[in-house]
Amino acid sequence: MWLNLRALEERLETRYVGRRVIYLTSTTSTQDVARAEAEADAPEGTAVISEEQTKGRGRFGRSWVSPSGANLYFTLIMRPEARRARALGMVAPLAVTEAVEQVTGLSPRIKWPNDVIVEGRKLAGVLIETEVQGQSLKYALVGPGVNVNFDIEDTSEIAGIATSLKRELGRETSREELLAMLLNRFEKLYESDITDVVQRWRLRLDTLGQRVRVTFRDQVQEGLAEDVDADGNLVLVQADGKRVLIEAGEVTIRG
Ligand code: BTN
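Here the structure is a predicted model, which means the values were calculated and not measured.

A. Spatial organisation of the overall build of the chain. A count of helices and strands for the chain gives eight helices and 12 strands. Computed over C-alpha atoms, the radius of gyration of the chain comes to 18 Å, within 12% of the 18 Å expected from 2.2 N^0.38 for 255 residues, which places it in the range of a compact globule. Expressed along its principal axes, the backbone C-alpha trace of the chain runs to roughly 55 × 45 × 30 Å. Counting only residues that meet the buried cut, the chain has 51% of its 255 residues in that class.

B. A look at the packing of aromatic side chains. Using the criterion set out here, one finds one aromatic pair in the structure. Judged by centre distance (6.1 Å) and plane angle (20°), the ring pair of F186 and Y190 falls under stacked. Residue F186 and its partner Y190 are both found in helix α7 (residues 175–191); the two are separated by four residues, about one turn of the helix. As far as burial versus exposure is concerned, F186 and Y190 are alike and both buried.

C. Main features of the domain arrangement of the chain. Here the domain parsing of the chain yields domain 1 (5–204) and domain 2 (211–253). A straight line from the C-alpha centre of domain 1 to that of domain 2 covers 25 Å. Listed by partner, the interface residues are 11 residues for domain 1 and 16 residues for domain 2. Both faces combined, the contact of domain 1 with domain 2 buries some 1,100 Å², and carbon together with sulfur accounts for 53% of it. Per-residue buried area on domain 1 facing domain 2 is highest for F60, R86 and W112; these three make up 54% of the total on that side. Note that D227 and R202 form a salt bridge whose closest N and O atoms lie 2.7 Å from each other. In terms of residue count, helix α8 (residues 194–204) provides more of the side of domain 1 that touches domain 2 than any other element does, three residues in total. Considering only residue class, the side of domain 1 that touches domain 2 consists of six nonpolar, no polar and five charged.

D. Just the site of the ligand, in detail. Among the 20 residues in the neighbourhood of the ligand, the closest are listed as S29, Q53, R57, R59 and K122. Side-chain polar atom of S29 to an oxygen atom of the ligand: 2.7 Å apart, as the coordinates give it. Here a nitrogen atom of the ligand sits 2.7 Å away from a polar atom, N or O, in the main chain of R57. In isolation the ligand offers 410 Å² of accessible surface; the protein chains occlude 98% of this area. Mapped by element, the contributors of at least two residues to the shell around the ligand are α2 (30–39), β3 (72–78), β6 (121–133) and β7 (136–146). If one sorts the elements of the shell around the ligand by residue count, β6 sits on top with four residues.

E. Examining the nonpolar core more closely. One finds L76, M78, W112, L178 and F186 to be the most contacted residues of the largest nonpolar core, which totals 57 residues. Sorting elements by how many residues they give to this core places helix α4 (residues 88–104) first, with 10 residues. If you look at the next biggest cluster of nonpolar residues, it comprises nine residues, including I22, A34, A38 and A42.

F. Summary view of the pattern of salt bridges. A full pass over the atoms with the stated rule returns 24 salt bridges. Put simply, E131 and R35 hold a salt bridge, and the shortest N to O gap is 2.9 Å. Separated by 96 residues along the polypeptide, E131 in strand β6 and R35 in helix α2 bring together distant segments of the chain. On the accessibility criterion, R35 (25% relative accessible area) is partly exposed. Measuring nitrogen to oxygen at the nearest pair gives 3.0 Å for the salt bridge that ties K138 to E39. You can see K138 sitting in strand β7 and its partner E39 sitting in helix α2, a full 99 residues away along the chain.

G. Highlighting the packing of α4 against α7. Running from N to C, α4 and α7 cross one another at 140°; their axes reach a closest spacing of 8 Å. Relative to α7, the element α4 lies oblique. In this structure, α4 crosses over α7, and the sense of that crossing is right-handed. Contact with α4, carried on its side by L88, V91, A92, L94, A95, V96, E98, A99, V100, Q102 and V103, involves E177, L178, M181, L182, R185, F186, L189 and Y190 of α7 and no other residues of that element. Across the contact of α4 with α7, the residue classes break down as 15 nonpolar, one polar and three charged.

Quick notes on the rules
- Residues numbered from 1 in each chain as written.
- Predicted model: local features only at pLDDT ≥ 70, side-chain atom pairs only at ≥ 80, totals over all residues.
- Heavy atoms only, no water.
- Helix = DSSP H or I, 4+ residues; strand = E, 2+ residues; numbered from the N terminus.
- Rg over C-alpha atoms; globule rule 2.2 N^0.38 Å.
- Buried < 20%, exposed > 50% of the residue type's maximum accessible area, 1.4 Å probe, protein only.
- Phe/Tyr/Trp six-rings, centres within 6.5 Å; stacked < 30°, edge-to-face > 60°.
- Domains from an automatic or database assignment.
- Contact = heavy atoms within 4.5 Å.
- Buried area = accessible area lost by both parts, 1.4 Å probe.
- Salt bridge = Lys/Arg side-chain N within 4 Å of Asp/Glu carboxyl O.
- Nonpolar A, V, L, I, M, F, W, Y, C, P; charged D, E, K, R; others polar.
- Near = heavy atom within 4 Å.
- Polar contact = N/O pair within 3.5 Å; in protein donor to acceptor, adjacent residues only side chain to side chain.
- Areas by Shrake-Rupley, 256 points an atom, 1.4 Å probe, with all protein chains shown as cover.
- Core = buried A, V, L, I, M, F, W, Y, C linked by side-chain atoms within 4.5 Å.
- Axes fitted to C-alpha atoms, helices over the stretch in contact; angles between N-to-C directions.
- Parallel < 35°, antiparallel > 145°, perpendicular 65-115°, else oblique.
- Left-handed = near helix turned anticlockwise from the far one by under 90°.

Here it is in structure tokens:
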């Protein structure tokens, strides 16, 4: 069933996030549409939502499986001051986890920096793309993908590593309710004190205290994920006791 935009709007408590919606039944990627909109001066908080993506993309150039009518795929156009831009990478996964918790009672965790996981499997991911002009940030495209009513067992390529709310709960979840809650949480967190956001995000992190391997482009670093700093960087303690700060990368837990 298609998303009921009226039911979504009735549940919205935001001032600007999700107040302007571009709703599509199919597109390549909501990030592409949002980029064109952002270039055409779309207001902050504009949400591009699609029922299906034919070229949904994830971090590190991966694809994001985006079947029609079951999940949430959307991109928010944000125009943060530079100081706030980095916080978006924490605000978005936190908004997803808090909304899922509120609507379903599940307590998702976050795999650094912004994968949302349940029982070790990925429930949601966030892709953030930014456009810089000179020294300043022109806009950020914040794109969460959440597996909601997806019969994921039928998609063999990701069934082992990914999950959906339907798989976890054994029933369907209202996408309107979840999306509205997510947008409400997103705006609140985006406007709150960054120190608070880091603290709440840190409490959800599953990665801390684990021995991990972090891969970024052709670099691999291993060690104990000790903590995160005030900007959300991962503090890794290497075998020789040296501490390194990691800004970006993909974490795998070492057994
Ligand atoms: C990841 O974990 O690698 C990030 C996945 C992000 C997927 C979402 S779905 C909505 C938006 N449009 C895209 O093409 N990607 C993001």
